[in-house]
Amino acid sequence: MSEVFGVSEQVEARSSRLWSLVTLKITRLLLPARMIADPLGISTITVGFWLTPWIRQDEHLPMSHIAEVSHNRGFFWDGVSIESSGGLNPLVIDGVPKSSARRFVDCVRQRMNAAPATPPPAPARR
């Protein structure tokens, strides 16, 4: 599982349309929620009401501010939650297919662990 991801590669997780149909979430059926991870951070895109798709909520969390990645496993579908170091507003998406959620969480955890080490301090000048 030691894959190296390219600079421009991004991983996406979407809520399942079947999950939204079963749970009677009409907005998620037409416009599924998305969570996107790229080298810069995590972004979520959610539409609140299906009659106003131009009103949506876009949130972004830089990779340096991620404190915890939670993978909430369900029987058929999973949930993914990304908590910031401030702890106030976690990025959450529910109803994600199991394979997609696992791939997304593994990718984010790998990027968190592969954070560049800080360079050693420069020697003092005389």
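**Concerning unusual backbone geometry**
A positive phi angle, close to 60°, is found at Leu24, a residue other than glycine. Along the chain, Leu24 turns up in the loop between helix H1 (17–22) and helix H2 (26–30). The exposed category is assigned to Leu24, whose relative accessible area is 68%.

**A short note on helix H3 (residues 98–113)**
When the terminal C-alpha atoms of H3 are compared, their 22 Å separation across 16 residues agrees well with the 22 Å that a helix rising 1.5 Å per residue should span. Considered for burial, the residues of H3 that qualify are Ser100, Ala101, Phe104, Val105, Cys107, Val108 and Arg111. Buried residues of H3 fall within an arc of 160° about the axis and therefore sit on the same side. If you follow the buried residues of H3, they end up packed against strand E1 (11–14), strand E2 (34–38), strand E3 (41–47), strand E5 (66–72), strand E6 (77–84) and strand E7 (91–97).

**Overview of the nonpolar core**
Core analysis: the largest hydrophobic core is formed by 20 residues, its most contacted members being Met35, Ile42, Ile66, Val80, Ile82 and Phe104. Of all the secondary structure elements, the ones that give two or more residues to this core are E1, E2, E5, E6, E7 and H3. Examining the composition of this core, we find that five residues originate from one element, H3, more than from any other. Not counting residues within four places of it along the chain, the set of residues in contact with Ile82 comprises Met35, Ile42, Leu61, Ile66, Glu68, Val69, Pro90, Leu91 and Phe104.

**Remarks on a nonpolar patch on the surface**
Judged by side-chain polarity, Ile26, Leu30, Phe49, Trp50 and Leu51 come together as a nonpolar surface patch covering roughly 480 Å² of accessible area. By the secondary structure assignment, Leu30 is in helix H2. The exposure class of Leu30 is partly exposed, given its relative accessible area of 44%.

**Some details on the sheet that holds E1**
If you walk across this open sheet you meet the four strands as E1-E2-E3-E4, and the pairing is antiparallel. The open sheet has two free edges, formed respectively by E1 and strand E4 (56–62), since each of these has just one partner strand. Between one strand axis and the next, the sheet turns through 15° on average, direction left out of account. The sheet strands contacting H3 are E1, E2 and E3, and the helix crosses E1 at an angle near 140°.

What counts, and at which threshold
Position numbers for residues start from 1 in each chain and track the written sequence from start to end. Residues qualify for local features only when their pLDDT is at least 70, as the model is predicted, and side-chain atom pairs are given and counted only at 80 or more; totals for whole chains, interfaces and linings, by contrast, use all residues. To obtain the side-chain values, all non-hydrogen atoms of the structure were used and water was disregarded. The helix and strand labels rest on DSSP assignments: H or I over at least four residues marks a helix, E over at least two residues marks a strand, and numbering proceeds from the N terminus. Burial classification: accessible surface area is computed with a 1.4 Å probe over protein chains only, and a residue below 20% of its type maximum counts as buried, one above 50% as exposed, and the rest as partly exposed. The span expected for a helix works out to 1.5 Å for each residue beyond the first. When we speak of the arc, we mean the arc of directions from the helix axis to the C-beta atoms. We call two residues in contact when some of their heavy atoms are within 4.5 Å. Each nonpolar core is a collection of buried residues, namely Ala, Val, Leu, Ile, Met, Phe, Trp, Tyr and Cys, held together in the definition by side-chain atoms within 4.5 Å. Surface patches are defined over residues having more than 30% relative accessible area and no salt bridge, joining like charges when they lie within 9 Å and nonpolar side chains (Val, Leu, Ile, Met, Phe, Trp, Tyr) when within 5 Å. Per-residue and other accessible areas were derived by the Shrake-Rupley procedure at a 1.4 Å probe size, with only the shown protein chains allowed to occlude residues. Any Lys or Arg side-chain nitrogen located within 4 Å of an Asp or Glu carboxyl oxygen qualifies as a salt bridge. Each pair of strands is called paired provided DSSP finds at least two bridges between the two strands. Angles run from 0 to 180 degrees between N-to-C directions of axes, and those axes are lines fitted to C-alpha atoms, restricted for helices to the stretch in contact.

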